[in-house]
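Examining the three-dimensional arrangement
Residue-level listing of the chains:
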Amino acid sequence: MKIEERALAIRQCIFKIACYGSGAHIAPALSMADLMAVLYFDEVLRYDAKNPAWDDRDFFILSKGHACLALYATLSMAGFFDSNELKTFTHSGSRFGGHPKMGDIPGVEASTGALGHGMLFAAGIALANKMDGKDSRVYTIVGDGECEEGSMWEGFMAAAYHKLDNFVVIIDYNKYQAMDSLEKIMGLNDFSSKLKAFGFSVADIDGHDCAAIKQALTERELGKPRAVIANTIKGRGISFMEGKPIWHCRMPNEEEMEIALADLHMTAEELKIL
Ligand SMILES: Cc1ncc(C[n+]2csc(CCOP(=O)(O)OP(=O)(O)O)c2C)c(N)n1
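If you're wondering where the values come from, they're calculated on a predicted model, not measured in any experiment.

Turning to the overall build of the chain, a few remarks are in order. When you go through the chain residue by residue, the secondary structure sums to 11 helices and five strands. A globule of 274 residues ought to have a C-alpha radius of gyration of about 19 Å, and the chain, at 18 Å, matches this closely. Across its three principal directions, the C-alpha atoms of the chain cover 50 × 45 × 35 Å. The buried share of the chain, reckoned over its 274 residues, is 46%. Sequence separation of 24 or more characterises 75% of the internal contacts of the chain that already satisfy a separation of 6 or more.

Written as structure tokens, this is what we have:
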């Protein structure tokens with residue numbers, strides 16, 4: 001399967017899971033689908049779905065935990081668990097809640113959802129792996145709005161200070177946060193020069209261009225952590241959600257559902273099959 005088709009399959013799966021549950025963050029998950037496709041299906045992340053605790057694995061941590069639909073969709077497609085169980089998303093007693101929980105779900109390496117923590121946790125794992133002489137890498141996806149948390153900049157400082165060249169931070173730069181644009185709430189322009197000043201090696205790319213993503217994720221500079229600024233569109237793949245902050249956490253009505261299905265190249269029947 002071509003990597004772009006994988007990304008579409010992830011988007012379809014995100015939407016299917018959301019329809020089985022409630023309170024789903026669809027648009028934040030759609031924005032990072034191409035990043036997940038390349039990470040898990042284009043020979044970037046080293047993992048063994050049948051042995052999730054494999055000692056030599058790379059780590060992926062979703063710092064913007066509210067976008068867990070993208071993580072659940074990807075992990076199920078990679079074979080970490082049976083996708084059928086995703087039908088229980090957000091149901092009482094399900095291990096698939098609205099934010100990912102470590103220990104409950106194979107492949108979930110950290111419990112996230114409180115913004116401003118996952119990235120630092122990931123940096124800690126990268127530091128520990130380095131101290132242990134392991135060559136594994138640690139990848140994390142953070143939100144651009146999440147970067148308004150002060151803790152993020154402590155993490156960036158620490159990653160550069162410890163020369164974590166096994167650490168890759170991907171900023172899902174979709175220009176929106178919960179209910180409005182980043183610019184209106186607290187503009188954080190020019191991530192690139194800020195992170196370079198902090199000591200990162202930086203790539204600034206189109207976050208929906210799979211070839212560019214792969215190149216940005218695989219290049220590294222000795223002694224420097226890597227930042228990939230992925231310019232994305234929030235809600236990418238469902239026309240009426242794209243770049244519309246109101247869709248941060250909202251389900252479509254009946255009419256909108258038809259448009260969403262057409263945009264995702266799915267029938268109402270296929271929607272039910274997980
Ligand atoms: C510490 C903390 N404060 C507030 C929230 C509520 N919240 C959930 S998502 C979100 C916006 C996140 O924006 P961004 O990081 O840009 O992610 P996006 O969904 O736009 O990709 C907020 C404020 C939270 N989860 N954690």
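The next thing to look at is helix 3 (residues 33–41). By the criterion of burial, helix 3 is predominantly enclosed, with nine of the nine residues buried. Every buried residue of helix 3 is listed here: A33, D34, L35, M36, A37, V38, L39, Y40 and F41. Looking one or two places after helix 3, you find E43, whose phi comes out positive at around 55 degrees.

What follows deals with the sheet that holds strand 1 (residues 59–62). Judged by pairing direction, the sheet is parallel, and its five strands sit side by side in the order 1-2-3-5-4 without closing on themselves. Both edges of this open sheet fall to strand 1 and strand 4 (201–206), since each of them pairs with a single strand only. Direction aside, neighbouring strands of the sheet carry axes that sit 20 degrees apart on average. Across six bridges, strand 3 (residues 167–173) lies against strand 5 (residues 226–231) in parallel orientation.

Among the nonpolar cores identified, the biggest contains 79 residues, and I14, I26, L69 and A70 are the most heavily contacted of them. Counting residues per element, this core draws most heavily on helix 3, at eight residues.

Attention now goes to the packing of helix 1 (residues 3–20) against helix 4 (residues 68–78). Viewed as axis vectors pointing N to C, helix 1 and helix 4 meet at an angle of 115 degrees, and their least axial separation amounts to 9 Å. At the point where helix 1 passes helix 4, the crossing takes the right-handed sense. Counted together, A9, I10, C13, I14, I17 and A18 of helix 1 and L69, A70, Y72, A73, T74, S76 and M77 of helix 4 form the full contact between these two elements.

With that settled, the discussion passes to helix 5 (residues 118–131). Residue pairs three or four apart in sequence face the same way in an α-helix, which turns once every 3.6 residues. Compared with the 20 Å implied by 1.5 Å per residue over 14 residues, the 20 Å span of helix 5 between its first and last C-alpha is a close match. Restricting attention to buried positions, one finds in helix 5 the residues G118, M119, F121, A122, A123, A126 and N129. On the buried face of helix 5, the contacting elements are strand 1, strand 2 (138–143), helix 6 (150–161) and strand 3. Phi turns positive one or two residues past the end of helix 5, at G133, with a value near 70 degrees.

Next up on the list: unusual backbone geometry. Of note in the backbone geometry, K163 takes a positive phi value of approximately 50 degrees without being a glycine. Position of K163 among the secondary structure elements: in the loop between helix 6 and strand 3. On the neighbour-count criterion, K163 (15 C-beta atoms within 10 Å) is partly exposed. Of note, H265 is a non-glycine position whose phi angle comes to about 55 degrees, a positive value. For H265, the location among the structural elements is in the loop between helix 10 (254–263) and helix 11 (268–271).

The next point concerns the environment of L35. For L35, the position within the fold is in helix 3. Owing to 27 C-beta atoms within 10 Å, L35 belongs among the buried residues under this scheme. When the C-alpha atoms of L35 and I213 are compared, they prove to be 6.8 Å apart, with 178 residues separating the residues in sequence. Excluding residues that lie within four positions of it along the chain, L35 makes contacts with I141, I170, G207, I213 and A230.

What follows concerns the environment of A159. Take A159: it is sitting in helix 6. On a C-alpha basis, the gap between A159 and I213 in space is 21 Å, while along the polypeptide they are 54 residues apart. Excluding its chain neighbours within four sequence positions, the residues that come into contact with A159 are A123, L164, F167 and P225.

Cut-off values and rules
- Residues numbered from 1 in each chain as written.
- Predicted model: local features only at pLDDT ≥ 70, side-chain atom pairs only at ≥ 80, totals over all residues.
- Helix = DSSP H or I, 4+ residues; strand = E, 2+ residues; numbered from the N terminus.
- Rg over C-alpha atoms; globule rule 2.2 N^0.38 Å.
- Buried ≥ 20, exposed ≤ 12 C-beta atoms within 10 Å, placed from the backbone.
- Contact = placed C-beta atoms within 7 Å.
- Pairing = 2+ DSSP bridges.
- Axes fitted to C-alpha atoms, helices over the stretch in contact; angles between N-to-C directions.
- Core = buried A, V, L, I, M, F, W, Y, C linked by C-beta atoms within 7 Å.
- Left-handed = near helix turned anticlockwise from the far one by under 90°.
- Expected span 1.5 Å × (residues − 1).

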